[in-house]
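Here is how the chains run, residue by residue.
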Amino acid sequence: FSQGQAQDYTLIVEKEQLSTSETSKNTVKVYPNPTNGTLFINSSKKIKSTEFYNMNGQKVNSGSNLDLSKFEKGIYILKINFEDGTSSTEKVIKK
């Protein structure tokens, strides 16, 4: 094309569904947070295990013990593994 020329295009847009399918939501509540000691988890799914990681990514605890009284003050990541193979992560503050 040289300067001053124009070309027309036709764009055909077909109606498509743009939404995503609904997924089941798991409600996880970790309390008390911040904590001095024992954490409690309320979940709509059955919990298989838990893992605690420090902010360096090192695993500092795993299993079913949720007593943080011997942990140093700071922020930890709690990974909750469920029986159905899914998992959830929560930030936990130890004061």
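As the structure is a prediction and not an experimental result, all values here were calculated from the model.

Pairing is possible between side chains that carry opposite charge, provided their charged atoms lie close to one another. Tallying each qualifying case throughout the model produces one salt bridge. Notably, a salt bridge pairs aspartate 84 with lysine 45, separated by 3.0 Å at the nearest N-O pair. Of this pair, aspartate 84 sits in the loop between β5 (74-82) and β6 (87-94) while lysine 45 sits in the loop between β2 (40-43) and β3 (47-53), and the two are 39 residues apart along the sequence. Under the relative-accessibility criterion, lysine 45 is labelled partly exposed at 25%.

On to the sheet that holds strand β4 (residues 59-63), then. Taken together, four strands build an open sheet; the order of strands is β4-β3-β5-β6 and the sheet is antiparallel. What marks the edges here is a single partner per strand, and that holds for β4 and β6. Averaged over all pairs of adjacent strands, the angle between their axes in this sheet comes to 20°, without regard to strand direction.

Aromatic ring pairs are described here by two measures, namely the spacing of the ring centres and the angle between the planes. Within the structure shown, the criterion is met by three aromatic pairs. Note on tyrosine 31 and phenylalanine 40: the rings are 5.8 Å apart at their centroids and 25° apart in plane angle, and the pair reads as stacked. Every member of this aromatic cluster is reached through a ring pair, and the members are Phe52, Phe71 and Tyr76.

Moving on to a nonpolar patch on the surface. Judged by side-chain polarity, Met55, Ile75 and Ile93 come together as a nonpolar surface patch covering roughly 260 Å² of accessible area. As for its placement among the helices and strands, methionine 55 is situated in the loop between β3 and β4. Taking relative accessible area as the criterion, methionine 55 reaches 54% and is therefore assigned exposed.

Sheet topology note: the β3/β5 ladder contains six bridges and is antiparallel. Looking at β5, one finds that phenylalanine 52 is bridged to leucine 78. One ladder, built from four bridges, connects β3 with β4; its direction is antiparallel. Within β4, the residue paired with glutamate 51 across the bridge is serine 62. Turn length for the β3-β4 hairpin, with the two strands adjacent in sequence and antiparallel, is five residues, and the turn residue glycine 57 shows positive phi of about 85°.

Conventions adopted
Residues numbered from 1 in each chain as written. Predicted model: local features only at pLDDT ≥ 70, side-chain atom pairs only at ≥ 80, totals over all residues. Heavy atoms only, no water. Salt bridge = Lys/Arg side-chain N within 4 Å of Asp/Glu carboxyl O. Helix = DSSP H or I, 4+ residues; strand = E, 2+ residues; numbered from the N terminus. Buried < 20%, exposed > 50% of the residue type's maximum accessible area, 1.4 Å probe, protein only. Pairing = 2+ DSSP bridges. Axes fitted to C-alpha atoms, helices over the stretch in contact; angles between N-to-C directions. Phe/Tyr/Trp six-rings, centres within 6.5 Å; stacked < 30°, edge-to-face > 60°. Patch = residues over 30% accessible without salt bridge, like charges linked within 9 Å, V, L, I, M, F, W, Y side chains within 5 Å. Areas by Shrake-Rupley, 256 points an atom, 1.4 Å probe, with all protein chains shown as cover.

Structural measurements only, silent on function.
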